[in-house]
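Fold and geometry: a report
So the chains spell out like this:
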Amino acid sequence: MAALTHPVHPPLGPVRAAWLLVTRSYIVYRQAWKLFLTGFLEPVFFLFSIGIGVGQLIETFEVNGRAVPYAEFVAPAMLAVSAFNGALMDSTYNVFFKLKYDKLYDQMLATPLTTADIARGEIIWGQLRGSSYSAAFLLLMWAMGMLHSWTAVLALPAALLIGFAFSAVCMAATTWMTSWQDFDKITLLQLPLFLFSATFFPITTYDGWLRWVVEATPLYRGVVLCRELTLGQAGWASVVSVIYLVVMGLVGLYVVRRRLDTLLLT
């Protein structure tokens with residue numbers, strides 16, 4: 001009887017488990033690298049069409065008392081949007097397929113992996129995908145001479161933070177979806193966030209309660225954080241944005257773990 005019993009493997013450590021899941025995703029996407037081009041090219045097209053194209057009609061915007069060319073105003077926003085889009089795409093459509101159709105997470109739970117490991121691994125991968133777009137876009141901004149402060153190097157960690165926050169929250173939202181039609185709700189939120197988070201015009205455009213609503217949205221916090229870092233205007237407001245995004249990501253991670261417990265362990 002002792003020979004027939006299977007050894008019980010202890011749970012993996014969180015670092016090793018996350019590494020295994022990220023490695024798996026890398027192997028899967030290694031042959032589909034062209035899919036990553038879309039996430040990078042979309043903000044580039046917006047930068048050239050609106051930031052530079054429309055920028056020919058707009059001289060400058062004033063940001064915290066400093067006159068900034070329109071293209072340099074839009075570029076940091078596209079940096080944040082690239083992290084946002086990458087994290088959202090990977091943490092919604094891909095996670096939904098793995099959860100509902102591929103049953104990948106059920107298979108993972110047959111190993112020493114736990115639901116917490118799955119949540120961390122998927123969120124880290126979505127974060128890395130979004131930050132890879134941002135890193136390439138940041139290099140483009142540097143090549144175009146849009147970076148004028150040493151604090152611009154902190155824009156990449158900021159993009160990582162944006163990716164973490166949105167990966168966690170979007171994955172949490174995906175666990176409640178039951179069909180592909182539910183993704184219309186994601187688009188319904190994605191487009192307004194993209195257009196009205198001070199991406200193409202300053203927050204001073206809004207008055208009263210509407211401005212407070214916009215300032216409370218997560219993508220605005222990411223946009224203003226990247227803009228402050230690339231323009232060399234980081235301050236206490238930047239700390240507020242960092243705390244906002246950290247709390248958002250931690251809450252999303254907690255909800256994902258609880259939801260995976262409910263869906264996969266009961």
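The structure under discussion appears in the preceding block.
Note that the structure is a prediction, hence the values are computed from the model and not measured. (Residues numbered from 1 in each chain as written. Predicted model: local features only at pLDDT ≥ 70, side-chain atom pairs only at ≥ 80, totals over all residues. Heavy atoms only, no water.)

With that settled, consider the environment of Gln 233. Summarising the element assignment, Gln 233 is placed in the loop between helix 9 (218-230) and helix 10 (236-264). C-alpha of Gln 233 to C-alpha of Gln 190: the two residues are 43 residues apart in sequence and 27 Å apart in space. Leave out the neighbours within four places in its chain, and Gln 233 touches Val 63, Asn 64, Arg 66 and Glu 228. (Helix = DSSP H or I, 4+ residues; strand = E, 2+ residues; numbered from the N terminus. Contact = heavy atoms within 4.5 Å.)

The biggest cluster of nonpolar side chains holds 64 residues, and the ones touching the most others in it are Met 78, Tyr 105 and Leu 260. Broken down by element, the residue count for this core peaks at 17 residues, all from helix 3 (residues 70-100). Setting aside anything within four residues of it in sequence, one finds Met 78 in contact with Pro 43, Phe 46, Leu 47, Phe 137, Phe 194, Thr 199 and Phe 200. In terms of nonpolar packing, the next biggest core, distinct from the first, is built from six residues, Ala 198, Tyr 206, Val 214 and Tyr 220 among them. (Core = buried A, V, L, I, M, F, W, Y, C linked by side-chain atoms within 4.5 Å. Buried < 20%, exposed > 50% of the residue type's maximum accessible area, 1.4 Å probe, protein only.)

Within this structure, the stated rule accounts for five salt bridges. Its salt-bridge partner being Lys 185, residue Asp 182 comes within 3.7 Å of it at the nearest N-O pair. For Asp 182, a relative accessible area of 13% corresponds to the buried category. Of the residues examined, Lys 185 reaches a relative accessible area of 54% and is grouped as exposed. (Salt bridge = Lys/Arg side-chain N within 4 Å of Asp/Glu carboxyl O.)

So, on to the packing of helix 1 (residues 14-30) against helix 5 (residues 115-143). Following both chains from N to C, one finds helix 1 and helix 5 inclined at 50 degrees, their axes separated by 8 Å at the closest point. As judged from the angle between their axes, helix 1 and helix 5 are oblique. As for how helix 1 packs across helix 5, the hand of that crossing is right-handed. Mapping the contact onto sequence places Pro 14, Ala 17, Ala 18, Leu 21, Val 22, Ser 25, Tyr 26 and Tyr 29 in helix 1 and Asp 117, Ile 118, Arg 120, Gly 121, Ile 124, Trp 125, Leu 128 and Arg 129 in helix 5. Looking at the contact of helix 1 with helix 5 residue by residue, the classes come out as eleven nonpolar, two polar and three charged. (Axes fitted to C-alpha atoms, helices over the stretch in contact; angles between N-to-C directions. Parallel < 35°, antiparallel > 145°, perpendicular 65-115°, else oblique. Left-handed = near helix turned anticlockwise from the far one by under 90°. Nonpolar A, V, L, I, M, F, W, Y, C, P; charged D, E, K, R; others polar.)

To continue, consider unusual backbone geometry. Even without being a glycine, Lys 103 presents a positive backbone phi close to 55 degrees. With respect to the helices, strands and loops of the structure, Lys 103 is situated in the loop between helix 3 and helix 4 (104-108). Positive phi is not limited to glycine here, since Ala 198 has a value of about 60 degrees.

Throughout the structure, instances matching the rule amount to zero disulfides. Distance from the sulfur of Cys 170, which forms no disulfide, to the nearest cysteine sulfur (Cys 226) is 16 Å. For Cys 226, a relative accessible area of 0% gives the class buried. (Disulfide = S-S within 2.5 Å.)

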